Amino acid sequence: MSDKKIESILNENRVFPPSDAFVAAARLKPADAEALYAEAAADYEGFWARLAREEIAWATPFTEVLDASNAPNYRWFADGRLNVSYNCLDMNLAERAGKTAIIFEGEGGDQRTLTYRELTDEVARFANALKAHGVATGDRVVIYMPMVPEAVIAMQACARIGAIHSVVFGGFSANSLRDRIIDAGAKMLITADGGHRGGRVVALKAAADEALAAGCETIETVIVLKRADCGAAMQDGRDVWWSDAVAGQSTTCDPVPVDAEHPLFLLYTSGSTGKPKGIQHSSAGYLLAAKLTSQWTFDLHDDDVFWCTADVGWVTGHSYVAYGPLAAGATVVMYEGAPTVPDGGRFWSICERHGVTIFYTAPTAIRALMKFGDDVPAQYDLSSLRLLGSVGEPINPEAWIWYHEVIGHGRCPIVDTWWQTETGSIMITPLPGVTPTKPGSCTKALPGIDVDIVDEAGNPVGSPEEGGYIVIKRPWPSMLRTIWGDNDRYIETYWQKFDNRYYMAGDSAHRDADGYIWMMGRIDDVLNVSGHRLGTMEVESALVAHDSVVEAAVVGFPHDIKGEGIFAYVVLRGERPTGDAAESLTATLRDWVGKQVGAIAKPDEIRFADNLPKTRSGKIMRRLLRVIARGEEITQDTSTLENEAILDQLRGKA
Ligand code: WTA
């Protein structure tokens, strides 16, 4: 981004305050939120220290709060000791032993529930199995599993003995798995024969074998859960079935106290370039914020049924499936499969049958399900829902309104939560009983999170229209601690830009006159058209606001006159048009965007496709779209694409 301003021309004026009934029952009411903000402003460290004392059961209490002596490698509560699994499980046994911790549903319809007592026992047995196979405190364990309770059991078991887990999303290829195992220097791999996804069996053990066949010498043991009955070649002396590993193991396993800063997990995430980074998180600071944000953002009450649809392969599945809600004593739903099996009503059917009260998903899923029409959710009783959440990308106002009306029946506040793998927990979000929401805005930072929007020089942007870099100005407890094995890259990527003073998130945003934050996309997704900066998301939102459009992705490409032109990939509600029909719709949509945003935002090129190229986590692969928009040859690895066949359409060749 140059010092030219990012201009925001998205215009969304609707405001949705929470209902009186919601506010009356909310954990945090306006006065509570005000008190928290005031406390954090008056004594930042004291604020976090108080919460850490109240919310965490310490084996050894801390006396130091924030250690900035080696900044930006900050340490929190560093002389305290604790065990994360003890905090998530044992701490709930006194009052909630018989309460359901996990409600699980497989893609094929099989169901299972685990109470807190049962989950604690299973975690202890598996932790004992880990120890029996030589895993000790500080060892790395890679988890490559379907979305089944055993994935959470494996994570919690690692935490129980202080082993560092690194979950690799089950949709990643053998190559990606191998790279992560090698980078982490993992001693053990935990996987399954296979999992169910999209009506098919994903053969995880076969992929694991492929990964292990080349390198990965550090792996001594592979534990294999039988899930899909698809067979697995078991290698003598290395591979052990899960059921054999836990057979005869005791349900008692004393939690090992670790230092507050002991790494709880690594989670690999892609940067804009280069190999994936192993984001390293701490034990105490991470746990504290995962628990607090579960309570604050999702207004968790004891009778809630909380469903975060994220896979445990992503940070959302760590903080809001495996750790935060359990630390808060909640009942969580886990679903193994795709949202469209057997049809586009699956999510709503799960909500109805399990009485889900809080539902947290990604805009890409909302848009995909929107495509099936309003009749589908109308077939289900969604009256148990009381709060909806969104995460992962900006939610366009059209999807927001659909979510609010068709799923939430106008009754449920929507929390649009902005955060990152690196931040560990939600940073910017409405508080559901406090913040009037505006569709498309993630509103304001949580108490104790010092977010700002700054210009190239690191100064706060002046006017509401002016966009800039999202930065976090003070260290926070759940921040990443480093990039595993590459502290230089940690400093370079997140801190150098502003002289190690501020954490730079890599996103751009602006504030409106009410102080509401509007995310404008990644910094590298900002377009410069005729000297005007435009967030790609704003053009996308405009396109998606058109009746015929379901999804759109916009990238820049070099343009002789304008500097950068706008290239839009568009997925329509119905059939993909060709020939004259395509031409006429292109003209219509260009005019439409011109009207919605301004003539400057009119796409130069529109290409229609049946789908967009997405990673298996649902993120649109923009780099690929940029390559295609420039008419260049694709050289990057496309093996992680959910739908590789789409490439020819995008190139205009099919
Ligand atoms: C984007 C997912 C707008 C953002 C928790 C961020 C969002 C990246 C939102 C992190 C949101 C996430 N509105 N953009 N509510 N939430 N993002 O690491 O660009 O998978 O930097 O973490 O997703 O993605 P990650």
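Everything that follows concerns the structure shown earlier in this document.
Here the structure is a predicted model, which means the values were calculated and not measured.

(A) Local environment of the site of the ligand. Contacts to the ligand come from 16 residues, most closely from Asp416, Thr417, Thr421, Asp507 and Arg522. At 3.4 Å from a nitrogen atom of the ligand is found a main-chain nitrogen or oxygen belonging to glutamate 393. At 2.9 Å, a side-chain N or O of glutamine 420 approaches an oxygen atom of the ligand. For the ligand, the protein covers 89% of the area, taking 530 Å² as the surface of the free molecule. Broken down by secondary-structure element, the contributors of at least two residues to the shell around the ligand are helix H11 (315-327), strand S22 (414-417) and strand S27 (517-522).

(B) Here's a closer look at the packing of helix H17 (residues 536-544) against helix H18 (residues 579-596). One can describe the packing of H17 onto H18 by two numbers: an axis separation of 9 Å at closest approach and a directional angle of 115°. Crossing handedness for the pair H17 and H18: right-handed. Of the residues in H18, those touching H17 at Val539, Ala542 and Leu543 are Leu589, Trp592, Val593 and Gln596. Taken together, the residues of the contact of H17 with H18 break down into 6 nonpolar, 1 polar and no charged.

(C) Looking closely at the pattern of salt bridges. Taken as a whole and judged by the stated rule, the model has 38 salt bridges. A salt bridge links arginine 81 to aspartate 259; its shortest N-O distance comes to 2.5 Å. Taken as a pair, arginine 81 in strand S5 (residues 81-82) and aspartate 259 in strand S15 (residues 258-259) lie far apart in primary sequence, 178 residues in all. Its relative accessible area of 31% is what places arginine 81 among the partly exposed residues. In this structure aspartate 259 comes out as partly exposed when scored by relative accessible area, which is 37%. Ionic pairing is found between aspartate 121 and arginine 117, a salt bridge with its closest N-O pair at 2.9 Å. Within this pair, aspartate 121 and its partner arginine 117 are both found in helix H5 (residues 116-132), separated by 4 residues, close to a single helical turn. Using a relative accessible area of 38% as the deciding quantity, one classes arginine 117 as partly exposed. Salt bridges sharing common partners tie together Lys205, Asp209, Arg238 and Asp239.

(D) Geometry of helix H7 (residues 174-184). Where H7 is concerned, the buried positions are Ala174, Ser176, Leu177, Arg178, Arg180, Ile181 and Ala184. Buried positions along H7 lie against strand S8 (140-144), strand S10 (188-192), helix H8 (204-213) and strand S16 (265-269). The first or second residue beyond H7 is glycine 185, which carries a positive phi of 60°.

(E) Structural view of unusual backbone geometry. A cis geometry characterises the amide bond from alanine 71 onward to proline 72, with omega recorded as 5°. Within the element layout of this structure, proline 72 appears in the loop between strand S3 (66-67) and strand S4 (75-76). Backbone torsion omega between valine 341 and proline 342 reads 0°, so that peptide bond is classified as cis. Its place among the elements puts proline 342 in the loop between strand S19 (331-335) and helix H12 (346-354). Residue aspartate 229 is not a glycine yet carries a positive backbone phi of 50°. As for its placement among the helices and strands, aspartate 229 is situated in the loop between strand S13 (221-225) and strand S14 (239-241). For aspartate 229, a relative accessible area of 65% puts it in the exposed group. For threonine 443, which is not glycine, the phi torsion reads 65° and is therefore positive.

(F) How the structure looks around the sheet that holds S15. Across the sheet, which stays open at both edges, the 3 strands sit in the order S2-S5-S15 with antiparallel pairing between neighbours. In the strand order of this sheet, the two ends are held by strand S2 (58-60) and S15, each with one partner. Where S5 lies against S15, 2 bridges are found, and the strand directions are antiparallel. Bridged to arginine 81 within S15 is aspartate 259.

(G) How the structure looks around the packing of helix H6 (residues 149-161) against H11. Put simply, H6 and H11 touch, their axes get as near as 11 Å, and they point 60° apart. Between H6 and H11, the angle falls in the class oblique. Where H6 crosses over H11, the handedness of that crossing is right-handed. Residues Val152, Met155, Gln156 and Ala159 of H6 touch H11, and the partners they reach there are His318, Val321, Ala322, Tyr323 and Leu326. Tallied by class, residues from the contact of H6 with H11 come to 7 nonpolar, 2 polar and no charged.

(H) Representation of the state of the cysteines within the structure. Overall, the coordinates contain 0 disulfides when judged by the stated rule. The thiol sulfur of cysteine 216 is not disulfide-bonded, and the nearest other cysteine sulfur, from cysteine 158, lies at 17 Å. Cysteine cysteine 253 shares no disulfide, and the gap to the nearest cysteine sulfur, in cysteine 158, comes to 11 Å. Its relative accessible area of 4% is what places cysteine 253 among the buried residues.

(I) Focus on the packing of aromatic side chains. Inspection of the entire model under this criterion finds 35 aromatic pairs. For the pair tyrosine 74 and tryptophan 495, a centre-to-centre distance of 5.9 Å together with 50° between the ring planes defines the contact as tilted. With tyrosine 74 in the loop between S3 and S4 and tryptophan 495 in the loop between helix H16 (487-494) and strand S26 (503-511), the pair connects residues that are 421 residues apart, well separated along the chain. Note on accessibility: tyrosine 74 and tryptophan 495 belong to one class, buried. Ring pairing ties together the aromatic residues Trp307, Tyr335, Phe347, Trp348, Phe359, Trp402 and Tyr403, which thus form one cluster. Over the face of the ring belonging to tryptophan 241 we find lysine 226, whose NZ or CZ atom lies 4.8 Å from the ring centre. Here the basic side chain of arginine 474 rests over the ring of tyrosine 44, its NZ or CZ set 4.4 Å away from the ring centre.

Rules used throughout
- Note that residues are indexed from 1 along each chain, following the sequence as it is written.
- Confidence filtering applies because this is a predicted model: local features only for residues at pLDDT of at least 70, side-chain atom pairs given and counted only at 80 or more, and all residues used for totals across whole chains, interfaces and linings.
- As a rule here, side-chain values cover all heavy atoms of the structure and leave hydrogens and water aside.
- Nearness here has a simple test: a residue counts as near a molecule or strand if at least one of its heavy atoms is within 4 Å of that partner.
- We define a polar contact as two N or O atoms separated by no more than 3.5 Å, with the added condition that, inside protein, one atom must be a possible hydrogen donor and the other a possible acceptor, whereas residues neighbouring each other in sequence contribute only through side-chain atom pairs.
- Surface accessibility in these figures is a Shrake-Rupley result with a 1.4 Å probe; residues are shielded only by whichever protein chains are displayed.
- To qualify as a helix, a DSSP run of H or I must reach at least 4 residues; to qualify as a strand, a run of E must reach at least 2; elements of each kind are numbered from the N terminus.
- Axis definition: a line fitted to C-alpha atoms, over the contacting stretch in the case of helices. Angles run 0 to 180 degrees between N-to-C directions.
- Helix crossings get a hand from a simple test, with the near helix turned counterclockwise from the far one by less than a right angle marking a left-handed crossing and a clockwise turn marking a right-handed one.
- The criterion used for residue contact is that any of the two residues' heavy atoms lie within 4.5 Å.
- Under the scheme applied, nonpolar residues are Ala, Val, Leu, Ile, Met, Phe, Trp, Tyr, Cys and Pro; charged residues are Asp, Glu, Lys and Arg; polar residues are all the others, including Gly.
- Between Lys or Arg on one side and Asp or Glu on the other, a salt bridge is scored when a side-chain nitrogen of the former is within 4 Å of a carboxyl oxygen of the latter.
- Each residue is assigned to one of three classes by its accessible area relative to the maximum for its type, calculated with a 1.4 Å probe on protein chains only: buried under 20%, partly exposed between the two thresholds, exposed over 50%.
- Any two strands with at least two DSSP bridges between them are considered paired.
- Orientation is classified from the angle alone, with under 35 degrees giving roughly parallel, over 145 giving roughly antiparallel, 65 to 115 giving roughly perpendicular, and any other angle giving oblique.
- A pair of cysteine sulfur atoms is labelled a disulfide when the two atoms are within 2.5 Å.
- Ring geometry is summarised as follows: Phe, Tyr and Trp rings, the Trp one being its six-membered ring, pair when their centres sit within 6.5 Å, and such pairs are stacked at plane angles under 30 degrees, edge-to-face over 60 and tilted between the two.
- Whether a charge lies above a ring is judged from NZ of Lys or CZ of Arg, which has to be within 6 Å of the ring centre and within 35 degrees of the ring normal.

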